[in-house]
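Structure at a glance
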Amino acid sequence: QVQLVESGGGLVQPGGSLRLSCVVPGIIFITYGMGWYRQAPGKRRELVALITSGGTTNYADAVQGRFTISRDNAKNTVYLQMNSLKPEDTAVYYCNGVRGTSIPTTNLPTFSSWGQGTQVTVSS
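These remarks concern the structure in this document. (Residues numbered from 1 in each chain as written. Predicted model: local features only at pLDDT ≥ 70, side-chain atom pairs only at ≥ 80, totals over all residues. Heavy atoms only, no water.)

**Re the overall build of the chain**
- What the chain contains, in helices and strands, is zero helices and 10 strands.
- Walking the chain from its N terminus toward its C terminus, one meets helices and strands in the order β-β-β-β-β-β-β-β-β-β.
- Relative to a compact globule of 124 residues, whose C-alpha radius of gyration would be 14 Å, the chain shows 13 Å and is just as compact.
- For the chain, the spread of C-alpha atoms along the principal axes amounts to about 40 × 25 × 25 Å.
- Each of the 124 residues in the chain was classed as buried or not, and the buried ones make up 45%.
- Long-range contacts, defined as pairs at least 24 residues apart, comprise 60% of the intrachain contacts of the chain with a sequence gap of at least 6. (Helix = DSSP H or I, 4+ residues; strand = E, 2+ residues; numbered from the N terminus. Rg over C-alpha atoms; globule rule 2.2 N^0.38 Å. Buried < 20%, exposed > 50% of the residue type's maximum accessible area, 1.4 Å probe, protein only. Contact = heavy atoms within 4.5 Å.)

The following block contains the structure:
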């Protein structure tokens, strides 16, 4: 079973920034597209950013221009730089594998397991 370990969340004021990290040990990381998902209270989990194995990125409209996804294949790690945060970005953020390049997506995440996620709270 694949292990996904997210970190970097916290409480931040509107307009602030956070950088999330997700380590995925034990896989040939470079071969997988990866994505960041989030789930706000009472809402479905949604894909907000993806990066393909080749480095192509895509973003949900709600975060376009504010969030940047990147990866370090040597460290089996995917990052999400979040700038200009808004209260509506408040959610638990998760990483998982991603199939395809579309957001929103109807594809299931690559891995059946999820990590514990990392809480992001944007509030004054």
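**Quick word on the side chain of R38**
- Within the fold, R38 resides in strand β4 (residues 34-39).
- Residue R38 is classed as buried on the basis of its relative accessible area of 7%.
- Here Y93 takes part through its side chain, which lies 3.0 Å from a polar atom of the side chain of R38.
- Not counting the four nearest positions on each side in its chain, R38 is found in contact with R44, R45, E46, V48, A62, V63, F67, E88, D89, A91, V92 and Y93. (Polar contact = N/O pair within 3.5 Å; in protein donor to acceptor, adjacent residues only side chain to side chain.)

**A closer look at the sheet that holds strand β6 (residues 57-59)**
- Here we have six strands laid out as an open sheet, ordered β2-β10-β9-β4-β5-β6, and mixed in their pairing. A strand with exactly one partner marks an edge of an open sheet, and here the two such strands are β2 (10-12) and β6. Between one strand axis and the next, the sheet turns through 25° on average, direction left out of account. (Pairing = 2+ DSSP bridges. Axes fitted to C-alpha atoms, helices over the stretch in contact; angles between N-to-C directions.)

**Quick word on the nonpolar core**
- Within the largest apolar cluster, 34 residues are counted, with the highest numbers of intra-cluster contacts made by M34, W36, V78, L80, M82 and Y93.
- Elements represented by at least two residues in this core include exactly β3 (18-23), β4, β5 (46-51), β7 (67-72), β8 (77-82), β9 (91-97) and β10 (118-122).
- Among the elements that make up this core, the one with the highest residue count is β5 (five residues). (Core = buried A, V, L, I, M, F, W, Y, C linked by side-chain atoms within 4.5 Å.)

**Brief notes about unusual backbone geometry**
- Residue I103 is joined to P104 through a cis peptide bond whose omega torsion reads 0°.
- Residue placement: P104 occurs in the loop between β9 and β10.
- With a phi angle near 50°, N76 is a residue other than glycine that sits in the positive phi range.
- Looking at the element boundaries, N76 is found in the loop between β7 and β8.
- A residue is classified by how much of its surface remains accessible, and N76, at 15% relative accessible area, is buried.
- Phi at S84 takes a positive value of approximately 50°, unusual for a residue other than glycine.
- Here S84 is to be found in the loop between β8 and β9.

**Quick word on the environment of S112**
- Summarising the element assignment, S112 is placed in the loop between β9 and β10.
- Residue classification places S112 among the exposed positions, given a relative accessible area of 74%.
- Residues S112 and V2, 110 residues apart in the sequence, show an inter-C-alpha distance of 8.1 Å.

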